[in-house]
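# An overview of the molecular structure
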Amino acid sequence: MLREEYIKLSDLTFTNDDYTPFYIDADKLFIEKNPNILIERNKIETTIECKFDQIERNILEKLNKIENDRALKALQQEKEFQEIMMNLQNGYKYDLELKKKDNRWGYKVRDYFVIPPIYIEAKDFNNLGLAIVRKEKLYGAINTIGTEIIPFIYASIRIFSETNKLILVRIVEESDKGIYGKFGYFYPKKDLFGILDQKGNIKLNPIYTAIQASHLDLIILMQGKYIGFADNDCNIITECIYESYSLLQNGDILVKLNGVFGVLNTKGETTLPFIYSDFRECNDGRIKVLVNNLYGFINQDGTAVIPIEFNYIGEFINGRANVSKNSKWGVIDANGKLIIECIYDEAFSFYNNSAKVKHSNLVGYIDTDGFPIIPCQYTEIFYFSNSVAIAIRDKYYGCIDINNNEIIPFIYQKLELLPNDTIKSKKNGKWGILNNIGTEIIPIKYTIIRNFNHGRALAKMNKHWGVIDHEGNILIDFKYDHEFTFVNERAEVSSEGLKGLINNKGIELIPCKYEELKSFQYQNYLCKNNELWGVITIDGDFTIPCLFESIYNIGNAIVGIKNGRSHLIGPDGVLLSKGYDSLNTFS
């Protein structure tokens, strides 16, 4: 800028020979003419330099302060972290929070990873002070300072008993033989289970196919299909030799060995011998047993309370049970005393203080003391409903009450009790409906009466079908050739060989004048008349007249075949396309 302002032609010097101009040092010239300017410039530069030095010192001071604060904070954090770690090692309990970082799991206290995030899978710490974690494919367990307590060699780990501080572990064993699963699939590997304590010590070796807890002080062990037992300290009580087990009310164990039952106590000692083919504990503590094909009852110590001498003992109802001995039936009380001697061909369980019995192929009823209520004079007596039962005598049906009074005479070929206590009856090959005292509600004139549904029943009179209500009123006239079923309150029917459609009130929606009638799309029906097909609505209106040899749908389109050619057809049978050899969908 100084050159442009002060260089003038008069400042140029020329040679004497060729007058060639050249530049002189304009800055020097300027300073010579203005000697104070250099002093001022030096002052300015010195001032600027001092200011920059001060700014730099301020920045450095601030940076040093930040660095010091950061270092101090890091020192405080490190001190806090070390304090937490020391507390953990000394047994102080923190809430360790499961956290994820870089797709790995670790555990934090406050903002510090006290256990580094190195695990693929991890669970919260349990009441035993352990966390189940996974590295790669196998599981182990760590304590609250990250020390490996259970090595990473197990396919799964879970708490077995918090009370006894036991941990169930699983290994996967390769097997040449393999095992067959529930649906017959072959598995070349099998799972084996064992138990560790909370310090990782093996209490039960992983050799069992299943290990289960019980409400008693027992651990159930399984090796294949065989069962054994251990106590809660994992001491083996019995080896796995039993085929089944169940726990009895007194705390003993019912087991099965070589097909027969016996009883063990929780020490594995036999309290009842292995002689029982069947063994069923009752609510009163007594036990129904089968020995040498004979039934009886014993108590918990094996003493017989009902002699083991019966071929069958039924369930006790109101203190009575039917029994069989030497192919005859009788009744015992709860103490095993024979209330009714075994004289009957069959005796059924008591109900409402009476039981059905059979003698000389005829049935009757007795009371709880064995006295006949209804003598054995009937071929069969069906169950009582409102104190009335249908019975058979001399091949005819009638009804009796519990006191053997005849309610409906024995003149019917068949009687069937209906849900509303009315009785469907058959006489001389015809059906009707009676009330529970034998009065005809619906005359006995129908060839068939189907079951009532919502007060209506399909019935057949002579050769035609119709519908009646439970009072015998005709709801749909008897004019249809075949039995029909209502679907969505409509039924396809036929009359004199021609088909139509009616609603549940018997109104003909489509008159019976078609050779064929088939459900089609959108509540329409295919109908056939004079060997040609059309489409008709449920209101009887044609959407396509009967002009086609066949009609079918492709998706939402309707195709009709006319003169052997396939056409797309629209409403009223209008042809929407020329005839093709065939029409099909394509994707």
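Right, let's get into the overall build of the chain. Secondary structure assignment for the chain yields 3 helices and 55 strands. A compact globule built from 587 residues should have a C-alpha radius of gyration of about 25 Å, whereas the chain, at 51 Å, is more than 25% larger. Along the three orthogonal principal directions, the C-alpha set of the chain runs to about 165 × 90 × 50 Å. Classification of the 587 residues of the chain by burial places 36% in the buried group. In the chain, the share of contacts with a sequence separation of at least 24, taken over all contacts with a separation of at least 6, comes to 21%. Just so you have it, the chain exposes about 35600 Å², and 50% of that area is on carbon and sulfur atoms. Computing the positive centroid from 67 side-chain charges and the negative centroid from 76, the chain places the two 4 Å apart.

For the rest of this paragraph, the subject is unusual backbone geometry. Trans peptide bonds make up the majority, and among non-glycine residues the majority have a negative phi. We note that Lys-165 has phi near 55°; this positive angle belongs to a residue other than glycine. Among the secondary structure elements, Lys-165 is positioned in the loop between β10 (156–161) and β11 (166–180). The exposure class assigned to Lys-165 is partly exposed, which follows from its relative accessible area of 42%. With phi around 55°, Asn-326 is a residue other than glycine that occupies positive phi space. Inspection of the secondary structure puts Asn-326 in the loop between β27 (320–325) and β28 (328–333).

Moving on: the sheet that holds strand β23 (residues 287–291). Pairing in this open sheet of 4 strands is antiparallel, and the strands run β22-β23-β24-β25 from one edge to the other. Each edge of the open sheet is held by one strand with a lone partner, namely β22 (278–281) and β25 (304–310). Averaged over all pairs of adjacent strands, the angle between their axes in this sheet comes to 15°, without regard to strand direction. Direction of pairing for strand β24 (residues 294–298) relative to β25: antiparallel, over a ladder of 3 bridges. Pairing of Ile-298 across the sheet is with Ala-304, part of β25.

This next bit is on the packing of aromatic side chains. Applying the stated rule across the entire model yields 17 aromatic pairs. Note on Tyr-276 and Phe-279: the rings are 5.6 Å apart at their centroids and 70° apart in plane angle, and the pair reads as edge-to-face. In terms of burial, Tyr-276 and Phe-279 fall into one category: buried. Consider the rings of Tyr-312 and Trp-329, whose centres lie 5.4 Å apart with planes at 55°: the pair is tilted. Of the two residues, Tyr-312 is situated in strand β26 (residues 312–313) and Trp-329 in strand β28; the sequence distance between them amounts to 17 residues. Taking relative accessible area as the criterion, Tyr-312 reaches 37% and is therefore assigned partly exposed. Assessed through its relative accessible area of 16%, Trp-329 is described here as buried.

Bringing the pattern of salt bridges into the picture now. On inspection of all chains with the given rule, the structure shows 16 salt bridges. Residue Asp-369 pairs with Arg-320 through a salt bridge whose shortest N-O separation is 4.0 Å. Highlighted residues: Asp-369 in the loop between β32 (362–367) and β33 (372–378) and Arg-320 in strand β27, separated in sequence by 49 residues. Owing to a relative accessible area of 46%, Asp-369 belongs among the partly exposed residues under this scheme.

Before going further, it helps to examine a nonpolar patch on the surface. Together, Ile-55, Ile-59, Leu-60, Leu-63 and Ile-66 make up a nonpolar patch on the protein surface, roughly 450 Å² of accessible area in all. Relative to the assigned elements, Ile-59 resides in helix α3 (residues 35–89).

Glancing now at the sheet that holds β26. Strand order in the open sheet formed by 4 strands is β26-β27-β28-β29, and the pairing between neighbours is antiparallel. Looking along the sheet, the strands with just one partner apiece sit at the ends: β26 and β29 (338–344). Relative to β28, β27 is paired through 6 bridges, and the arrangement is antiparallel. When the bridges of β28 are listed, Asn-322 appears paired with Val-331.

The next thing to look at is the pairing of β33. Strand direction decides the pairing type here: β32 and β33, joined by 3 bridges, are antiparallel. When the sheet's bridge partners are listed, Tyr-365 is paired in β33 with Ile-374. The turn joining β32 and β33, which pair antiparallel and follow one another in sequence, is formed by 4 residues; a positive phi near 95° is taken by Gly-370.

Of the residues in the chain, 90% reach a pLDDT of 70 or more, and the chain-wide mean stands at 87. Note that residues 1–7 has pLDDT below 50 and, in this model, 7 contacts with residues that lie over four places away or in other chains. Scored below 50 in pLDDT, residues 179–187 shows 12 contacts in the model against residues more than four places distant or in partner chains.

Another point: the state of the cysteines. Note on terminology: disulfide describes a covalent bond linking the sulfur atoms of two cysteines. Going through the model one piece at a time under the given rule, you end up with 0 disulfides. Unpaired in this structure, Cys-282 has its nearest cysteine sulfur neighbour in Cys-342, at a distance of 19 Å. By relative accessible area, Cys-282 is classed as partly exposed at 24%. Counting only cysteine sulfurs, Cys-527 is the nearest neighbor of Cys-546, a cysteine outside any disulfide, at a range of 3.7 Å. You can call Cys-546 buried: its relative accessible area is 16%.

Parameters at a glance
Residues numbered from 1 in each chain as written. Predicted model: local features only at pLDDT ≥ 70, side-chain atom pairs only at ≥ 80, totals over all residues. Heavy atoms only, no water. Helix = DSSP H or I, 4+ residues; strand = E, 2+ residues; numbered from the N terminus. Rg over C-alpha atoms; globule rule 2.2 N^0.38 Å. Buried < 20%, exposed > 50% of the residue type's maximum accessible area, 1.4 Å probe, protein only. Contact = heavy atoms within 4.5 Å. Areas by Shrake-Rupley, 256 points an atom, 1.4 Å probe, with all protein chains shown as cover. Lys, Arg positive; Asp, Glu negative; His and termini not counted. Charge placed at Lys NZ, Arg CZ, Asp CG, Glu CD. Pairing = 2+ DSSP bridges. Axes fitted to C-alpha atoms, helices over the stretch in contact; angles between N-to-C directions. Phe/Tyr/Trp six-rings, centres within 6.5 Å; stacked < 30°, edge-to-face > 60°. Salt bridge = Lys/Arg side-chain N within 4 Å of Asp/Glu carboxyl O. Patch = residues over 30% accessible without salt bridge, like charges linked within 9 Å, V, L, I, M, F, W, Y side chains within 5 Å. pLDDT = per-residue confidence, 0-100. Disulfide = S-S within 2.5 Å.

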